[in-house]
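# Fold and geometry: a report
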Amino acid sequence: MNPLMDNPWIPAACLAVALVAVFTDLRSRRIPNWITFPGMAAGLVIHFTAAGWTGLGLSVCGLFLAPSVLSLTHAGKGLGMGDIKMAAALGAILGPPMGALAMLLSAVCGGLLAVAYILKEFGFFRFGHAEPEVAESETEKQPIGKMTIPFGLALAMGAVLT
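All values derive from a computational prediction rather than experimental measurement.

### Focus: helix α5 (residues 151-161)
One turn of the α-helix equals 3.6 residues, which is why residues spaced by three or four share an orientation. Among all positions of α5, only Phe151, Gly152, Ala154, Leu155, Ala156, Gly158 and Ala159 are buried. Those residues of α5 that are buried are in contact with α1 (9-28), α2 (33-73), α3 (81-94) and α4 (96-121).

Right, dumping it as structure tokens:
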């Protein structure tokens, strides 16, 4: 039996790191180091205390594998360093197989978020409260190629779905 699968600290740490990252990413479009580095350390400590050196090795593998998978799904473009470090933290917490799966799910969730943001930008639906009517000449639409999404939300969704 794998002692890591029954460890309640893994989902707790994953959820805590993901929620704080979502909040900061939605608010400021940044995922700061004070979230990612403690998340990495938490993953390493949780795995080491649960399974010794083997657990630590798995956590280190997840720490490197998750951002690698995420970078491959994005062809190395469009990700900020906060996103990469957040992927590393989630990989350290979840371990290699679950971390890789979380990153694949994050890529899918990110694509869905991008579609939602494009639809919102072009007025197909509105998030939150209704906005006042503004003449078309007063609004400036962002070109699709220049749009960004808070990818921390997609990372959190992928981690939670895992």
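### Side note on the side chain of Asp25
For Asp25, the location among the structural elements is in helix α1. Of the side chains with opposite charge, Arg29 comes closest to the buried, unpaired Asp25, at an N-O distance of 5.5 Å. A polar side-chain atom of Asp25 sits 3.4 Å from the main-chain amide nitrogen of Arg30.

### A short note on the side chain of Lys85
Note that Lys85 resides in helix α3. Here Lys85 is buried and forms no salt bridge, its nearest opposite-charge partner Asp83 lying at an N-O distance of 10 Å. In contact with Lys85, not counting residues within four places along its chain, are Asn33, Thr36, Phe37 and Met40.

### A look at the packing of α3 against α5
Packing of α3 against α5 leaves a shortest axis separation of 10 Å and a crossing angle of 15°. Relative to α5, α3 is oriented roughly parallel. Between α3 and α5 the crossing geometry is right-handed. Two secondary-structure elements touch here, α3 through Asp83, Met86, Ala87, Leu90 and Leu94 and α5 through Phe151, Gly152, Leu155 and Ala159. Classifying every residue of the contact of α3 with α5 gives seven nonpolar, one polar and one charged.

### Concerning a nonpolar patch on the surface
A contiguous nonpolar surface patch, about 290 Å² in accessible area, is contributed by Leu15, Leu19 and Val160. Considering the arrangement of structural elements, one finds Val160 in helix α5.

### What about the nonpolar core?
Counting 28 residues, the largest nonpolar core has Met86, Leu90, Met103 and Leu155 as its most contacted members. Residue assignment for this core shows that the elements contributing at least two residues are α1, α2, α3, α4 and α5. Per-element accounting of this core gives the leading share, seven residues, to α1. Discounting chain neighbours no more than four positions away, the residues touching Met86 are Val17, Ala18, Ala21, Ile31, Thr36 and Leu155. If you look at the next biggest cluster of nonpolar residues, it comprises five residues, including Met40, Leu63, Ala88 and Ala89.

Calculation criteria
Residues numbered from 1 in each chain as written. Predicted model: local features only at pLDDT ≥ 70, side-chain atom pairs only at ≥ 80, totals over all residues. Heavy atoms only, no water. Buried < 20%, exposed > 50% of the residue type's maximum accessible area, 1.4 Å probe, protein only. Helix = DSSP H or I, 4+ residues; strand = E, 2+ residues; numbered from the N terminus. Contact = heavy atoms within 4.5 Å. Lys, Arg positive; Asp, Glu negative; His and termini not counted. Salt bridge = Lys/Arg side-chain N within 4 Å of Asp/Glu carboxyl O. Polar contact = N/O pair within 3.5 Å; in protein donor to acceptor, adjacent residues only side chain to side chain. Axes fitted to C-alpha atoms, helices over the stretch in contact; angles between N-to-C directions. Parallel < 35°, antiparallel > 145°, perpendicular 65-115°, else oblique. Left-handed = near helix turned anticlockwise from the far one by under 90°. Nonpolar A, V, L, I, M, F, W, Y, C, P; charged D, E, K, R; others polar. Patch = residues over 30% accessible without salt bridge, like charges linked within 9 Å, V, L, I, M, F, W, Y side chains within 5 Å. Areas by Shrake-Rupley, 256 points an atom, 1.4 Å probe, with all protein chains shown as cover. Core = buried A, V, L, I, M, F, W, Y, C linked by side-chain atoms within 4.5 Å.

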